[in-house]
Amino acid sequence: MSNVLAVLEQRDGAIRKVSYEVVTGARRLADALGGGAGVDALILATGPVQGADQLGRFGADRVVTLTNVAFGRYAPEGYARAIADGVNAGGYGVVVFAASATGKDLAPRVAARLGRPLVQDITDVTAAAGAVIATRPVYAGKALLRVRVAGSPVMLSLRPNVFTPVQRPKAGAQESASVDGSAGRVIVTQIKAAPAGTLDVAEAPIVVSGGRGLKDPANFKVLEALAAAFAGRAAVGASRAVVDAGWRPHADQVGQTGKTVSPTLYVAVGISGAIQHLAGMRTSKVIVAINKDKDAPIFKVADYGIVGDLFEVVPRLTEEIRKLHG
Amino acid sequence: MKIAVCIKRVPDSETRVKIASDGKSLDEAGVKFILNPYDEFAVEEGLRLKEKAGTGEVVVIALGPAAAQETIRTALAMGADRGVLLQTQGLHPDGLETAKALAAELKGAGFDVILLGKMAIDDYNHQVGPMVAELLDLPCVTTVTHLEIVGGKGTAEREIEGGVEVVAFPLPAVLTTDKGLNEPRYPALKGIMAAKKKPLEVKPTAPGPGALEILSLTLPPERQAGKIVGEGPAAVAELVRLLREEAKVL
Ligand SMILES: Cc1cc2nc3c(=O)[nH]c(=O)nc-3n(C[C@H](O)[C@H](O)[C@H](O)COP(=O)(O)OP(=O)(O)OC[C@H]3O[C@@H](n4cnc5c(N)ncnc54)[C@H](O)[C@@H]3O)c2cc1C
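Residues numbered from 1 in each chain as written. Chains lettered and ligands numbered in written order. Predicted model: local features only at pLDDT ≥ 70, side-chain atom pairs only at ≥ 80, totals over all residues. Heavy atoms only, no water.

Draft legend 1. Expanded view of the overall build of chain B. When you go through chain B residue by residue, the secondary structure sums to six helices and 13 strands. The principal-axis extents of the C-alpha atoms in chain B amount to approximately 65 × 45 × 40 Å. Relative to its 250 residues, chain B shows a buried fraction of 56%. When the accessible surface of chain B is totalled, it reaches about 10800 Å², and 53% of it is carbon and sulfur. Counting 29 positive and 35 negative side-chain charges, chain B places the centres of these two groups 4 Å from one another. (Helix = DSSP H or I, 4+ residues; strand = E, 2+ residues; numbered from the N terminus. Buried < 20%, exposed > 50% of the residue type's maximum accessible area, 1.4 Å probe, protein only. Areas by Shrake-Rupley, 256 points an atom, 1.4 Å probe, with all protein chains shown as cover. Lys, Arg positive; Asp, Glu negative; His and termini not counted. Charge placed at Lys NZ, Arg CZ, Asp CG, Glu CD.)

Structure, rendered in structure tokens:
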């Protein structure tokens, strides 16, 4: 059986959290394929990457860092070339990416270079008789498509927050090699970072989202306080209504024309639950809705609901959560 | 400036999904089709680039069934100059085959900018733009929310987790558009009338079979009908207890 390659991401020289999920997913698939398939993890960077030595514990048998001065920031063309070359040289049967902003850009390039189809943003993967079967949401999450991939390598990207990292007592071998290459014609000249400590809604384990029920942009401080009570684990999201009104940045929008999120806990506050909003959050593990209208459609997908005025309910919730975190 | 915009006919985002009797596709009976919302941003950006350049052409290209002529007319009504329909029998899931068919049409046609939506809201494939770019060996920036083009060089911004990437690239290039890039215009009555007379070429196309086999299309498991914990702030304590003890997420 040929091996599985997990393509990982680093930013500022540190492994991104989503990469542990990619290794976990790759391991799961390698085990399902059987025949002793191994998992190699690949990182592109300028030098040693912080966190690479932890990858063995998530299922990587071998961690390979390809170094080049041009690989500090994401370089679409340079990365695609180096990875496609690596896949060819290693004869991998499966290549797994994260369906992150970078992964969704990079995976199609590598796939096209290799002349292989790509199953993007999957939420489940299995193997049957040596063939890979992947599941992905389509029609804004209103349906699930299951596909079998013929031939190899099989190219997949994994939806963030779905493949929960699993630890195992094992270390992976570390290798580092400098490679020839350049960034290519497309150059990331700058990253305008969000304020330090802000989690992205697509990657936060907890998302607290607000809608038109907040009534005024200044009132989002009520949600920011709730998010803060979760001690660095929560991000604040928004419905399109409030993004279009200019109350919140587009980066925070959850839904069909915003981000797809699958946090452990999604709290919808003053959000009615329009189908396009549900498209972005219905795969959350647990959904809580706070809305003053008991007939709001959000209650149909929520696991737990409180009918009431958010301005009374949310501050109380914030207090209770703070108590939990001492 | 010569601009191509690749567009797709997709079911309206309000569509109630019903699975066809084959268990592998959407039952299209009664479904309303629209121009893919992300492609609207691409059409709008193409029109703006041409307007700014003061000269040029905006060509819309759709791969799809005969009915996609209507989708092309929508883009022509917004202001595009002419349309090309790569007419197929039904679409299949392999985005690489779609990209190959589009690349074959785009190749050697001398476009300065090729625009596509970042993804289609039916198959959520999110890949055709960068694949077209690779096949044509052109620079590409995806999910663009801000764009400036000056004298053969471009700067784009794209959202990444926790920030915004600023990207420089040379023309010709392939760009995929995201919400936030612009506000697409509504076709005016005059535009709708004019669109009827604009050239629309139909080319029969047969994309390859691809390497993805659809096993099933199913409705997602219904989320368990949840419970209303209670009313007002008095219900908060019970909610927190349930989140800890039942859902185990706190
Ligand atoms: C093509 C397309 C794409 C779209 N994409 C998206 C998308 O990506 N994301 C998205 O969110 N939407 C999207 N939409 C828009 C969507 O259809 C809805 O219009 C939008 O989600 C509504 O936002 P909302 O729930 O904040 O506002 P509303 O629907 O106005 O709901 C406000 C809610 O707040 C409640 N409320 C008011 N006051 C209080 C109070 N004091 N306490 C408690 N509750 C209160 C109300 O009962 C109501 O349920 C899209 C639409 C289209 C056509």
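Draft legend 2. How the structure looks around the environment of Leu115(B). Within the secondary structure layout, Leu115(B) lies in strand S6 (residues 113-117). A C-alpha to C-alpha distance of 7.3 Å links Leu115(B) and Thr177(B), two positions 62 residues apart in sequence.

Draft legend 3. Expanded view of the sheet that holds strand S11 (residues 154-158) of chain A. Residues and elements named next belong to chain A. Spatially, S7-S11-S6-S1-S4-S5-S12 is the arrangement adopted by the seven strands of the open sheet, whose pairing is parallel. Each edge of the open sheet carries a strand with a single partner, namely strand S7 (118-122) and strand S12 (173-178). Between one strand axis and the next, the sheet turns through 20 degrees on average, direction left out of account. Here three bridges tie strand S1 (residues 4-7) to strand S6 (residues 94-98), and the two strands are oriented parallel to one another. Along S6, the bridge assignment pairs Ala 6 with Val 96. (Pairing = 2+ DSSP bridges. Axes fitted to C-alpha atoms, helices over the stretch in contact; angles between N-to-C directions.)

Draft legend 4. Layout of helix H4 (residues 220-229) of chain A. Residues and elements named next belong to chain A. The complete set of buried residues in H4 reads Phe 220, Val 222, Leu 223, Leu 226, Ala 227 and Ala 229. Those residues of H4 hidden inside the fold are in contact with strand S14 (206-210), strand S15 (234-238), helix H5 (240-244), strand S16 (265-269) and helix H8 (310-324). In the segment just after H4, Ala 231 is the residue with positive phi, at about 55 degrees. (Contact = heavy atoms within 4.5 Å.)

Draft legend 5. Structural context of the interface of chain B and chain A. Taken residue by residue, the interface counts 77 residues in chain B and 85 residues in chain A. Counting across the chain B and chain A interface gives nine salt bridges. Where Glu213(B) meets Arg148(A), a salt bridge forms, and the shortest distance between an N and an O atom there is 3.0 Å. Our enumeration of links across chain B and chain A arrives at 44 residue pairs in polar contact (both at pLDDT 80 or more). Of all the secondary-structure elements, those providing two or more residues to the side of chain B that touches chain A are helix H4 (128-136), strand S7 (140-150), strand S8 (153-160), strand S9 (163-170), strand S12 (212-218), strand S13 (227-231) and helix H6 (236-245) of chain B. Among the elements that take part in the side of chain B that touches chain A, S9(B) stands out by supplying eight residues, more than any other. Among the residues making up the side of chain B that touches chain A, the classes are represented as 43 nonpolar, 14 polar and 20 charged. Sheet topology places strand S10 (residues 143-149) of chain A next to S12(B); six bridges connect them, and they run antiparallel. (Salt bridge = Lys/Arg side-chain N within 4 Å of Asp/Glu carboxyl O. Polar contact = N/O pair within 3.5 Å; in protein donor to acceptor, adjacent residues only side chain to side chain. Nonpolar A, V, L, I, M, F, W, Y, C, P; charged D, E, K, R; others polar.)

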